[in-house]
Structure formats: structure tokens, C-alpha cells
Amino acid sequence: MSSENLPVAKGFRLALLQMLVSRHKQENLAHARELVSRAAQNGAQLVSLPECFNCPYGTQYFGEYAETVPGETSTTIAALAAEHRITIIGGSIPERSGDRLFNTSLVFGPDGKLCGKFRKMHLFDIDIPGKITFKESETLSPGEELTDFTTPFCKVGIAICYDLRFPELTRLYADRGCHLLVCPGAFNMTTGPVHWELLQRARAVDNQMFVATVSPARDETASYVAWGHSTVSSPWGDVVAKAGHGEEIVYADIDLNRVEEVRRQIPVRIQRRCELYHSLAAAKPQ
Ligand SMILES: NC(=O)CC(=O)C(=O)O
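Remember, predicted model here, so these are calculated numbers, not experimental data.

**Student:** Can you break down the environment of Ala 212 residue by residue, with the values?
**Tutor:** In this structure, Ala 212 sits in strand S12 (residues 210-214). Sequence separation of Ala 212 and Leu 14 is 198 residues, and the distance between their C-alpha atoms is 9.1 Å. Setting aside anything within four residues of it in sequence, one finds Ala 212 in contact with Leu 14, Leu 16, Leu 180, Leu 181, Val 182, Cys 183, Thr 231 and Val 232.

In C-alpha cells, the structure reads:
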């Protein structure tokens, strides 16, 4: 992009919709419509839904709820974006493509057109005996592509939940010029208390960028109980907005000057010694 086409606005209002997700897709879509409208009325210009907002989170549900793109859910979100003239990150949905399923985030711009499609790159396969065993790879395939998109405010990168544990991914987005990472995610009652905020603040401070995470609201009756606590962390690594665990919209007025300010003050991005790291990694241990 040439410099005259670079986004110029230095701030915008972000809204994270920590929505309570039910087993009824139609109910979820109607609820998403309500929350998006409320956020837009309150001045949000970029809005994100949570991971799996049209279906309960669980490998037993993905096949039943999966849709092609375009499909019912993507059409609904596209229409909402156009109606309110905002950008919507459609959390994620189970996507069917041929005989494969993906956990996919779709992004629609203020013209209602698809401007990004990210498929969860790192599948959530973990086993913590007596606590939680989960294997997304039983039903899902991993994505292979980065997805960033340009808004009038800044470039935004997308990751989904478990992807946040892989610092390489966020670094790639930062290197591509993203000043904000949005990560729809549903951590759980075992990993959430310790890892959720820690990971996003780490990604924010490592890359000196804003990081926003968007969880479904906690539902104690669900088979997978989400941690909640959707959060916005600043390039300094502090939390600038955070939800509790119930249904809530989190608003944050993002000041993009903060990215340049922190990067100027602590210039780690230009002090990296990448060539040295590569040669050290390639060297045989003594
Ligand atoms: N649900 C996820 O993808 C990730 C998660 O809960 C965790 O990493 O912990």
C-alpha cells in the first residue's frame, strides 16, 4: 500500500460482544443481531463476536452446526455490517468446505463484503487428567493462512483461541504491520484462570500492539464451560478493558498513537537480532 493510502484515523471504538450462546442456532443469530445493533448504537466501529457464537463449543456439535460460506450465518453478519456501516469480526463458526470442517472467523466490512477469512491454525488438542481433555482434531482440520485486513484505523490480524499460545503467529501479524490482534476464544475453567489474561498481555507486550480477546459468556450448564473475561490489552501490556464472566459488551476506545509511542520508547522491534538467532539455532550444541 502506498503511503497516501495508509489509514489515517488514530482512534476508534472497539466492542467485544461476550454473548451467551445457546443450543439453538436461530436464537444465537437473533441474539448476535441484537448485540451488534446495541454496540453500533453506542458508537462502536469495529465489533467482534466470540468463538463459536452460533453453536455450543464442543466437537460433538461442529458437524451438526457447520455451514458453508456463504451460508446462513455469514449472510446474517454481512447484512448487519452493511446495515450499521461497521466492520464485524464474526467470532467463529464451524465451517464446512467439501468433506472438511474448520473453525473459521469471517470478517465483513461496512459495505457488507467479506474482507477476511481465518481458519483456526492450531487445533485445541489437550489432555489434563482429571480436568479437561479436548481434541478438536477429531473433527476439525487446521487452517494454513494468515488473515489480516485493513480498516480506516489500522491493520488488524485474526487468531482463534488456542492460536494465542503460539507467539510466532502474533509476531507474523506484527511484522505485517498489524496494530491490533483480535482473538475470539473460549478458554475454560482449568486454563482460563491462569493463562487467558497472561497470554494476551504477553502477546501485546512482545509485539507492542493491542490484543483483544472475545469469549462467549459463561454457561455453567454447558458441556464446555467458557471462562469469559473478554479483554483488551494495550501495547504497554496493561489491561484497558475487561468483562466479568456473564453476558456483557466490553467497549474500548483504542488510541493508536499508543502503539507508536511504546515502540519509540522501548524499540525492541528494531533491536531484534534475527540473524544471530538463526545462526545460533542452526549451530550444533557443544
Ligand atoms: N479452547 C481453545 O482453543 C484453547 C484453550 O481453551 C486453551 O488454550 O486453554
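**Student:** Tell me about the site of the ligand, residues and numbers included.
**Tutor:** In the region of the ligand, the neighbouring residues are Tyr 57, Lys 120, Phe 124, Cys 161, Tyr 162, Arg 165, Ala 186, Phe 187, Asn 188, Thr 191 and Tyr 224. In the model, a nitrogen atom of the ligand is placed 3.2 Å from a nitrogen or oxygen of the Ala 186 main chain. In isolation the ligand has 270 Å² of accessible area, and contact with the protein removes 100% of it. More than half of the atoms of the ligand fall within 2 Å of the grid points belonging to the largest cavity. Partitioning the shell around the ligand into residue classes produces 7 nonpolar, 2 polar and 2 charged.

**Student:** Give me the lowdown on the sheet that holds strand S10 (residues 155-158), citing residues and values where you can.
**Tutor:** The 6 strands are arranged S9-S10-S11-S12-S13-S14 in an open sheet whose pairing can be described as mixed. The outermost strands of the open sheet, each flanked by one partner alone, are strand S9 (148-150) and strand S14 (239-242). Between one strand axis and the next, the sheet turns by 20° as a mean value, whatever way the strands run. Where S10 lies against strand S11 (residues 178-184), 4 bridges are found, and the strand directions are parallel. Across the sheet, the residue bridging to Val 156 is Leu 180, located in S11. The strands touched by helix H4 (residues 167-175) are S9, S10 and S11; relative to S11, the strand with the most contacts, the crossing angle is about 145°. Contacts from helix H5 (residues 192-207) reach S12, strand S13 (231-233) and S14, with the element oriented near 155° to S12.

**Student:** Mind laying out the layout of surface pockets, listing which residues take part and the relevant values?
**Tutor:** Its volume calculated, the largest pocket comes out at about 250 Å³. For the largest pocket, the lining is made up of 19 residues, of which Val 21, Pro 56, Asp 219, Ala 222 and Tyr 224 are closest to its centre.

**Student:** Explain the nonpolar core residue by residue, including any values.
**Tutor:** Counting 42 residues, the largest nonpolar core has Phe 12, Leu 14, Leu 180, Val 182, Val 232 and Ile 254 as the members making the most contacts within it. Counting only elements with at least two residues in this core, the list comes to strand S1 (11-18), S10, H4, S11, H5, S12 and strand S15 (248-255). If one sorts the elements of this core by residue count, S11 sits on top with 5 residues. In this structure Val 232 touches Leu 14, Leu 16, Phe 210, Val 211, Ala 212, Asp 238, Val 239, Val 240, Ala 241, Ala 252 and Ile 254, once residues within four positions along its chain are discounted. In terms of nonpolar packing, the next biggest core, distinct from the first, is built from 24 residues, Ala 15, Leu 17, Ile 93 and Leu 106 among them.

**Student:** Tell me about the side chain of Ser 37, and name the residues and values.
**Tutor:** Structurally, Ser 37 is set in helix H1 (residues 25-41). Those residues within four positions of Ser 37 in sequence are excluded, and the remaining contacts are Leu 80 and His 84.

**Student:** Could you give an account of the packing of H4 against H5, naming the residues involved and the relevant values?
**Tutor:** The contact between H4 and H5 brings their axes to 10 Å, and the two run at 40°. With respect to H5, the element H4 is oriented oblique. Viewed along their axes, H4 and H5 form a crossing whose handedness is right-handed. Within the contact between the two elements, H4 uses Pro 167, Thr 170, Arg 171 and Ala 174 and H5 uses Arg 203, Asp 206 and Asn 207. Among the residues making up the contact of H4 with H5, the classes are represented as 2 nonpolar, 2 polar and 3 charged.

**Student:** For the packing of H1 against helix H3 (residues 72-84), give the residues involved together with the corresponding values.
**Tutor:** At their nearest, the axes of H1 and H3 sit 11 Å apart, and the two run at 15° to each other. With respect to H3, the element H1 is oriented roughly parallel. Of the two elements, H1 crosses H3, and the hand of that crossing is right-handed. Between H1 and H3, the residues in contact are Lys 25, Gln 26, Leu 29, Ala 32, Arg 33, Val 36, Ser 37 and Ala 40 and Glu 72, Thr 73, Thr 76, Leu 80 and His 84, respectively.

**Student:** So, unusual backbone geometry: which residues are in play, and what are the values?
**Tutor:** The amide bond that connects Val 69 to the next residue, Pro 70, takes the cis arrangement and shows omega of 0°. The topology assignment puts Pro 70 in the loop between helix H2 (59-65) and H3. Positive phi, normally seen in glycine, also occurs at Cys 52, with a value near 45°. Within the secondary structure layout, Cys 52 lies in the loop between strand S2 (46-48) and H2. A positive phi angle, close to 60°, is found at His 229, a residue other than glycine. When you line up the elements, His 229 lands in the loop between S12 and S13.

Each value, and the rule that gives it
Position numbers for residues count from 1 along each chain, tracking the sequence in the order it is written. Restriction of local features to residues with pLDDT of at least 70 applies here, the model being predicted, together with a cutoff of 80 or more for giving and counting side-chain atom pairs; totals for whole chains, interfaces and linings are based on all residues. Hydrogens are left out, water is left out, and the side-chain values use all remaining heavy atoms of the structure. Secondary structure elements follow DSSP: runs of H or I of four or more residues count as helices, runs of E of two or more count as strands, with numbering from the N terminus. Only heavy atoms matter for contacts: two residues are in contact if any of them lie within 4.5 Å across the pair. Near, as used in this document, describes a residue that has one of its heavy atoms within 4 Å of the molecule or strand being considered. Polar contacts here mean pairs of N or O atoms no more than 3.5 Å apart (in protein, one a potential hydrogen donor and the other a potential acceptor; neighbouring residues in sequence count only if both atoms are side-chain atoms). Residue burial considers only the protein chains on display, and all accessible areas are found by Shrake-Rupley using a 1.4 Å probe. A pocket, in this scheme, is an open set of points on a 1 Å grid over the protein atoms alone with protein on both sides within 12 Å along at least 5 of 7 lines, while a cavity is a set where a 1.4 Å probe fits but cannot get out; residues line either one if an atom lies within 4 Å of a point. For a cavity or pocket, the test is whether more than half of a molecule's atoms lie within 2 Å of its grid points; if they do, the molecule sits there. The residue classification treats Ala, Val, Leu, Ile, Met, Phe, Trp, Tyr, Cys and Pro as nonpolar and Asp, Glu, Lys and Arg as charged. All others, Gly included, are polar. Two strands pair if DSSP finds at least two bridges between them. Whenever a helix is involved, its axis is fitted only over the stretch in contact; in every case the axis is a line through C-alpha atoms, and angles between N-to-C directions fall within 0 to 180 degrees. Grid points are joined across faces, edges and corners, and a volume is the space filled by probe spheres set on the points. Think of a nonpolar core as a cluster: buried Ala, Val, Leu, Ile, Met, Phe, Trp, Tyr and Cys residues, connected wherever their side-chain atoms sit within 4.5 Å. Accessibility here uses a 1.4 Å probe with only protein chains present; expressed as a share of the type maximum, an area under 20% marks a residue as buried, one over 50% as exposed, and anything in between as partly exposed. Should an angle fall under 35 degrees it is taken as roughly parallel, and over 145 as roughly antiparallel, whereas 65 to 115 is taken as roughly perpendicular and any remaining angle as oblique. Take the far helix as the reference: if the near one is turned anticlockwise from it by less than a right angle, the crossing is left-handed, and if turned clockwise, right-handed.

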